[in-house]
Amino acid sequence: MKLQAFLERMFNQKRVPQALLFYGKEGIGKREIAFELSKALLCLKSQYPACGVCESCRLLKDFFSQPEEKLKVYEDDKFVYLQGDHPDFIYLKPEKTEIKVDQIRAVRDFVYIKPALSPKKVVVIYNADAMNPYAQNALLKVLEEPPLDTHFILVSHNLNSILPTIKSRCFMLEVPPLTKEELAQRTGIKDDLLLELSEGSIILLESLKEKKEIVETALKFWQLDWVSLFKLANKLEDWSTEDKLLFLKILSGLIQKKYLQERDERYKLMLDRVYFAMEYLGKGINLKLTLFYLYLKGGDKNASYKGALSGH
Ligand SMILES: [Zn+2]
């Protein structure tokens, strides 16, 4: 894989930046990549991939297979970050939906002490976009003068919520979606259609597998007659936001595929409409109108398109 090779080269040239930001879609393995790099930076043999046997590697080995409660560190009764048995590694994540300024203050206290075991210290900030503005500003101050022996590894699927000043301090690395083969290998799911619809994301693939009915409904969407379309539009109202999102996500995947094949501007308009609906779902958007629009725009005028889009 290209990214891994790039990281390996960077590591061997001892040029791993002090602040990195891995970004890309949800569910494509960003956290694993960040963790692998952390292990290598902390490895007592200083190698990428990490040796797996030294004291440092041994202490990090089961980090994510432990119950989270065991890893949770509190300060003044407030959750700050996760830390296992390794003294030089911490893993910051939102308590619920937000990373708060107190958590960043705790990180600051951690980074200004010397490493205890490894040559370096590593702070992973998972879902860095969940930092509220105060937290981001506090982090920015640390990133402006990071202690030389500390690496910050940020992980995000939503760069829009991260301050430009933070992004400019980080070395940005895009994590590509997983290939169909990688997905199949990691999940054991072989269904080609599901693999394709999942767009390289394990999270999406697993929801697709779980929600077969939604997948079926979306695939048949452009073949419905008007009565069934009305029925579906009414039924959809009662679905959970999560299910509605999944449904729209599948439609967007089908339309996108079509757009890439034909480059017809019509599909682009349809995509804009789906993305808009996804963004404003639960904020008063009229989902029925969106469905009718998509149905008309993608259907009647071009009968062959209906079939092609749903793969029949
Ligand atoms: Zn090691």
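Reading the values: rules and limits
Residues numbered from 1 in each chain as written. Predicted model: local features only at pLDDT ≥ 70, side-chain atom pairs only at ≥ 80, totals over all residues. Helix = DSSP H or I, 4+ residues; strand = E, 2+ residues; numbered from the N terminus. Contact = placed C-beta atoms within 7 Å. Domains from an automatic or database assignment. Buried ≥ 20, exposed ≤ 12 C-beta atoms within 10 Å, placed from the backbone. Pairing = 2+ DSSP bridges. Core = buried A, V, L, I, M, F, W, Y, C linked by C-beta atoms within 7 Å. Expected span 1.5 Å × (residues − 1). Arc of directions from axis to C-beta.

This brings us to the overall build of the protein. Within the protein one finds 16 helices and seven strands. Taken over the C-alpha atoms alone, the protein extends approximately 70 × 40 × 35 Å along its principal axes. Considering only contacts within the protein whose residues lie at least 6 apart along the sequence, 65% involve residues at least 24 apart.

A word on the domain arrangement of the protein. Domain boundaries assigned for the protein yield domain 1 (2-176) and domain 2 (211-309). Computed over C-alpha atoms, the centres of domain 1 and domain 2 are 39 Å apart.

A few words now on the pairing of strand 4 (residues 89-92). Every second residue of strand 4 is oriented toward a common face, with Phe89 and Tyr91 on one face and Ile90 and Leu92 on the other, all of them buried. Across four bridges, strand 4 lies against strand 5 (residues 121-126) in parallel orientation. Looking at the pairing, Ile90 lines up with Val123 of strand 5.

With that settled, the discussion passes to unusual backbone geometry. Excluding glycine, a negative phi dihedral is what most residues carry, and trans is how most peptide bonds are arranged. The omega torsion of the bond from Tyr48 to Pro49 falls at -5°, within 30 degrees of zero and hence cis. Here Pro49 shows up in the loop between helix 2 (30-42) and helix 3 (55-60). You will see that Asn127, though not glycine, has its phi angle at about 55°, which is positive. Position of Asn127 among the secondary structure elements: in the loop between strand 5 and helix 6 (133-144). The phi dihedral of Glu199 is positive, around 50°, even though this residue is not glycine. With respect to the element layout, Glu199 can be found in the loop between helix 9 (192-197) and helix 10 (202-210).

Leu92, Val124 and Leu251 are the most contacted members of the largest nonpolar core, which has 76 residues in total. Built from parts of two domains, this core gets at least three residues from each of domain 1 (2-176) and domain 2 (211-309).

Moving on to helix 15 (residues 287-298). When the terminal C-alpha atoms of helix 15 are compared, their 16 Å separation across 12 residues agrees well with the 16 Å that a helix rising 1.5 Å per residue should span. For helix 15, the complete set of buried residues consists of Thr290, Leu291, Leu294 and Gly298. Seen end-on, helix 15 carries its buried residues on one side only, within an arc spanning 100°. For helix 15, the exposed residues set more than 90 degrees away from the buried face come down to Leu289 and Leu296.

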